[in-house]
Amino acid sequence: MSVLILVLAVSAACCLGFGFVLQQSAAQRAPLGDFLSPRLLLDLMKVPSWLGGIGLMALGMALGAVALGQGEISLVEPLLATNLLFAMALSRQRSRQPLGRQGWSGLALLAGGVTAFIVAGRPRGGTAVPDPLRHWLIIGTMTGLALVLTTCAKRSRLSIGPMLLAVAAGLLYGVQDALTRISGQRFSEGGLPELLTGWQPYAVLALGVTGLVLVQSAFETASLRMSLPALTAAQPLAGIACGVGFLGDRLRTDTGALTWEAVGLAAIVTGIVLLGLHPAMPSGSAKPERVRALQPS
């Protein structure tokens with residue numbers, strides 16, 4: 001792993017983490033009638049703090065795209081998952097909550113899991129799979145699952161709905177990262193004409209807007225503790241699946257390596273959950289009138 005990829009990916013994670021906290025702070029005050037509607041973005045555009053969060057998120061995505069162009073998605077995605085550490089840092093600064101045993105355990109598990117996965121797997125580039133059926137099978141599975149989760153979330157807004165929306169958005173962002181890498185490769189090979197004649201950049205835009213609506217709807221209806229861990233855990237898993245599935249990323253597959261890769265991914269998810277549920281994360285408890293408005297008719 002080059003220092004450049006490490007710096008780019010961690011910088012991207014920093015921008016994403018700070019941006020998510022600012023977005024959720026604004027989104028929880030948005031009109032509830034905008035739930036899962038593009039109107040939600042139009043209303044949030046009037047809030048300066050949300051625009052600041054989106055600006056940081058856009059910068060993070062741009063840095064992440066550069067990192068994806070320089071390294072394998074199976075390497076970059078675990079590093080991007082550390083955005084929760086930066087979200088925790090900003091939330092802790094605002095709440096003045098100490099990390100405590102839960103915070104330090106989550107931090108150690110997330111950092112240790114990322115290290116274990118990268119060291120054991122040694123992600124490296126390979127030849128992309130040319131079979132379009134395999135591309136569409138993996139992409140279709142991810143987007144189809146995101147659609148099912150979104151449909152279920154509409155019926156359970158006050159229980160697990162926000163978490164389902166966050167998982168759906170994470171799956172879409174993972175696919176978006178994979179298509180971003182392909183778009184970068186097309187641009188490197190043939191410049192702007194080669195890029196614009198492919199379907200990938202338009203899919204990247206569509207997935208980004210759709211994922212943004214899902215994330216903001218999750219932020220609007222629940223605390224950051226419920227939504228951000230699910231989003232942060234789903235994105236790298238989806239991205240790694242795309243990387244290994246059709247982008248040609250290669251991981252070590254001997255028994256010892258596979259064991260440590262699995263342990264690393266499990267530690268990443270566990271650390272994300274512990275940090276996401278930490279008291280320092282904004283609770284964003286809904287007011288009674290907002291709760292009544294969310295009840296399905």
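Throughout what follows, the structure given in this document is the object of discussion. Being a predicted model, the structure only gives us computed values, none of them experimental. (Residues numbered from 1 in each chain as written. Predicted model: local features only at pLDDT ≥ 70, side-chain atom pairs only at ≥ 80, totals over all residues. Heavy atoms only, no water.)

**Details of the packing of aromatic side chains**
Line of reasoning, step 1. A complete count under the given rule lists three aromatic pairs for this structure.
Line of reasoning, step 2. Ring centres 6.3 Å apart and planes at 90° place the aromatic pair phenylalanine 18 and phenylalanine 86 in the edge-to-face group. Of the two residues, phenylalanine 18 sits in helix H1 (residues 3–27) while phenylalanine 86 sits in helix H5 (residues 83–95), which places them 68 residues apart along the sequence.
Line of reasoning, step 3. Looking at phenylalanine 86, the relative accessible area reads 21%, which means it is partly exposed. (Phe/Tyr/Trp six-rings, centres within 6.5 Å; stacked < 30°, edge-to-face > 60°. Helix = DSSP H or I, 4+ residues; strand = E, 2+ residues; numbered from the N terminus. Buried < 20%, exposed > 50% of the residue type's maximum accessible area, 1.4 Å probe, protein only.)

**Looking at the environment of glutamine 97**
Line of reasoning, step 1. With respect to the helices and strands, glutamine 97 occurs in the loop between H5 and helix H6 (100–121).
Line of reasoning, step 2. For glutamine 97 and histidine 278, which are 181 residues apart along the polypeptide, the C-alpha to C-alpha distance reads 9.1 Å.
Line of reasoning, step 3. Leave out the neighbours within four places in its chain, and glutamine 97 touches Arg92, Pro279 and Ala280. (Contact = heavy atoms within 4.5 Å.)

**Thoughts on helix H11 (residues 255–276)**
Line of reasoning, step 1. In this model, H11 (22 residues) spans 32 Å end to end at C-alpha, consistent with the 32 Å of a helix rising 1.5 Å per residue.
Line of reasoning, step 2. Buried within H11 we find Ala257, Glu261, Gly264, Ala267, Ile268, Gly271, Ile272, Leu275 and Gly276. Along the long axis of H11, the arc covered by the buried residues comes to 155°, so they all point the same way.
Line of reasoning, step 3. Residues of H11 that are buried make contact with helix H4 (73–80), H5, H6 and helix H10 (224–247). (Expected span 1.5 Å × (residues − 1). Arc of directions from axis to C-beta.)

**Looking at a nonpolar patch on the surface**
Line of reasoning, step 1. Together, Phe187, Leu192, Leu196 and Tyr202 line one region of the surface with nonpolar side chains, adding up to about 420 Å² of accessible area.
Line of reasoning, step 2. Considering every element that reaches the nonpolar patch, the biggest residue donor is helix H8 (residues 161–196), with three residues.
Line of reasoning, step 3. Positionally, leucine 192 belongs in helix H8.
Line of reasoning, step 4. A relative accessible area of 48% means that leucine 192 is categorised as partly exposed. (Patch = residues over 30% accessible without salt bridge, like charges linked within 9 Å, V, L, I, M, F, W, Y side chains within 5 Å. Areas by Shrake-Rupley, 256 points an atom, 1.4 Å probe, with all protein chains shown as cover. Salt bridge = Lys/Arg side-chain N within 4 Å of Asp/Glu carboxyl O.)

**Observations regarding the pattern of salt bridges**
Line of reasoning, step 1. Tallied over the entire structure, the rule returns four salt bridges.
Line of reasoning, step 2. Here arginine 181 and aspartate 249 are joined by a salt bridge, their closest N and O atoms 2.6 Å apart. In this pair, arginine 181 sits in helix H8 while aspartate 249 sits in the loop between H10 and H11, placing the two residues 68 residues apart along the sequence. The residues arginine 181 and aspartate 249 share a single accessibility class, namely buried.
Line of reasoning, step 3. Between aspartate 254 and arginine 252 there is a salt bridge, with the nearest N and O atoms lying 3.4 Å from each other.
Line of reasoning, step 4. A relative accessible area of 26% places arginine 252 in the partly exposed class.

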